[in-house]
Amino acid sequence: MTLPETDLNHPAPAPLWLPALVTGFGTAVAMWTVWWITHLPTGQDFAPPWNVSLPLLALVLVGGVVLGSRHAAKPILSGTIAGLVTAALALIVLGAVLSDTEGETASAEAARSFRDDAPVIVLGFLAASAVAGALGGLMGLALRARGHSTESRWVGRMAIVAACSFLPLIAIGGAVTSTASGMAVTEPVVSFVMPLKLMAEPRVFIEHTHRLVGSLVGLTAIALLVTTLLTTTRPSGRVIAGVLLALVATQGTLGIFRVGENSSVLAMFHGMFAQLVFATGVAAAAWLSPRFADPEPSRPAACDRAAQKAYPLAVAALALYAFQLATGAASRHFGAQHATLTHV
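Please read all numbers here as calculations on a predicted model, not as lab measurements.

J.: How should I be thinking about the environment of S178 in this particular structure?
T.: Residue position: S178 is located in helix α6 (residues 151-178). Residue S178 is classed as exposed on the basis of its relative accessible area, which comes to 53%. Placed 155 residues apart in sequence, S178 and H333 show a C-alpha to C-alpha distance of 9.3 Å.

Pasting the structure below:
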């Protein structure tokens, strides 16, 4: 059956939940990154004053919602839901101020319990984030883009968010190795409720937040797979999203065993495997983009012949890159002079 011309020229907008989900996760990645940078211990003050950090994080929240909601069919409602999604993901970090510890009595054991006013703080945080999301949606309505983004575009954006979520994780992972913070928190599966007092020591902060951001990456990979299962008809798109989630889960398991066994070898493979996971995330973002999904236009046969000739070179380049990565990781984790010279 042929669709009416109006339907072809004006495709139906994406369902409400899709832009809200993508905007919420994208904003959360940005907020977590800003939070980590501004709260990194420097040996003096542990974090910026609340009257500095809170407005900055609120600005990131509103700005992220504005960027996403301007492409949604219902910007205000979409922005409100996106604010709630962002706040729900931020509850993992909010545990740092919800633990039942005060002053010098902060301890890992006490961190297992919550403050009496924790429910009030959580509800207030969710409500404030919803209001900020609604404000961002209202601004997005005023700055509305022409037309509405289709499902395929939002799926592509979700894949981009998933790929970008690896960047702060890899950067913090590099900081873990550079500062020898790998065993600063000795529990393989650490409690998410880590009081700020315990994180005032830089090595503890870097290691603990590395695991927290890893949990955000895992949730983002799950959201990408769910999104593709609900919206994408291409089996290959669902497969690559599933493969990405499996790799993320494997990487997290490697990290758990690395701490549990206190193994430098596993630490090296954990760092190397991260590059493969990130590369797969970038490939998924390209694969799920609307432009890649469109039927390929006809191209000269010379292009196909050139691609066939370039394929062996691409495989060789990948093998050399893997070797370079292995020697660099061996140099970083073991300080082996031979590995360092070979890497250079």
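J.: What exactly am I supposed to notice about the packing of helix α2 (residues 17-39) against helix α7 (residues 202-231) here?
T.: Orientation of α2 relative to α7, taken along the N-to-C sense of each, is 170°, at an axis distance of 11 Å. The pairing of α2 with α7 is recorded here as roughly antiparallel in orientation. The residue inventory of the contact of α2 with α7, partitioned by class, reads 17 nonpolar, six polar and no charged.

J.: Hey, could you run me through the nonpolar core in this one?
T.: Counting residues in each nonpolar core, the largest one holds 60 residues, and the members touching the most others are F25, W32, I206, L224, L244, V248 and V277. Secondary structure elements with two or more residues in this core: α2, α3 (50-69), α4 (75-94), α6, α7, α8 (235-261) and α9 (264-287). Those residues in contact with L224 that lie beyond four places of it in its chain are V155, M158, A159, A162, A241, L244 and L288. Counting residues in each nonpolar core, the second largest holds five residues, with M268, A329, A330 and A339 among its members.

J.: What exactly am I supposed to notice about unusual backbone geometry here?
T.: Glycine aside, the phi torsion of most residues is negative, and most peptide linkages are trans. We note that A180 has phi near 55°; this positive angle belongs to a residue other than glycine. Mapped onto the elements of the fold, A180 is located in the loop between α6 and α7. Non-glycine residue N262 carries a positive phi angle of around 50°. Tracing the backbone through its elements, the reader meets N262 in the loop between α8 and α9.

J.: Whenever I open this one, a nonpolar patch on the surface confuses me. Can you help?
T.: A contiguous nonpolar surface patch, about 520 Å² in accessible area, is contributed by W17, L219, I222, V226, L229 and L230. No other element matches α7, which puts five residues into the nonpolar patch. Structurally, L230 can be placed in helix α7. By relative accessible area, which is 59% here, L230 ends up exposed.

J.: What is the right way to look at the pattern of salt bridges in this model?
T.: Two side chains that carry opposite charge are able to pair once their charged atoms sit near each other. Taken as a whole, this structure holds one salt bridge when the rule is applied. A salt bridge links R211 to E207; the shortest N-O distance between them is 2.6 Å. Of this pair, R211 and E207 both sit in helix α7, four residues apart, which is roughly one turn of the helix. Across the pair, exposure class does not vary: R211 and E207 are buried alike.

J.: Looking at this structure, how should I read the packing of aromatic side chains?
T.: The relative placement of two aromatic rings is captured by the distance of their centres and the angle of their planes. Using the criterion set out here, one finds three aromatic pairs in the structure. Arranged with centres 5.8 Å apart and planes meeting at 35°, the rings of W35 and F205 form a pair that is tilted. Of this pair, W35 sits in helix α2 while F205 sits in helix α7, and the two are 170 residues apart along the sequence. Given the relative accessible area of 13%, W35 is considered buried. You can call F205 buried: its relative accessible area is 0%.

J.: Can you help me understand the packing of α2 against α3 in this one?
T.: Geometrically, a packed helix pair is captured by the angle between its two axes and the distance between the axes. The interhelical angle for the contact between α2 and α3, taken along N-to-C directions, is 155°, at an axis separation of 9 Å. With respect to their mutual orientation, α2 and α3 come out roughly antiparallel. Here α2 and α3 pass one another in a crossing that is right-handed. Where α2 approaches α3, its residues T23, T27, A30, M31, V34, W35, T38 and H39 are matched on the opposing element by S53, L56, L57, V60, L61, G64, V65, G68 and S69. Of the residues that constitute the contact of α2 with α3, the class distribution is nine nonpolar, eight polar and no charged.

What counts as what
- Residues numbered from 1 in each chain as written.
- Predicted model: local features only at pLDDT ≥ 70, side-chain atom pairs only at ≥ 80, totals over all residues.
- Heavy atoms only, no water.
- Helix = DSSP H or I, 4+ residues; strand = E, 2+ residues; numbered from the N terminus.
- Buried < 20%, exposed > 50% of the residue type's maximum accessible area, 1.4 Å probe, protein only.
- Axes fitted to C-alpha atoms, helices over the stretch in contact; angles between N-to-C directions.
- Parallel < 35°, antiparallel > 145°, perpendicular 65-115°, else oblique.
- Nonpolar A, V, L, I, M, F, W, Y, C, P; charged D, E, K, R; others polar.
- Core = buried A, V, L, I, M, F, W, Y, C linked by side-chain atoms within 4.5 Å.
- Contact = heavy atoms within 4.5 Å.
- Patch = residues over 30% accessible without salt bridge, like charges linked within 9 Å, V, L, I, M, F, W, Y side chains within 5 Å.
- Areas by Shrake-Rupley, 256 points an atom, 1.4 Å probe, with all protein chains shown as cover.
- Salt bridge = Lys/Arg side-chain N within 4 Å of Asp/Glu carboxyl O.
- Phe/Tyr/Trp six-rings, centres within 6.5 Å; stacked < 30°, edge-to-face > 60°.
- Left-handed = near helix turned anticlockwise from the far one by under 90°.

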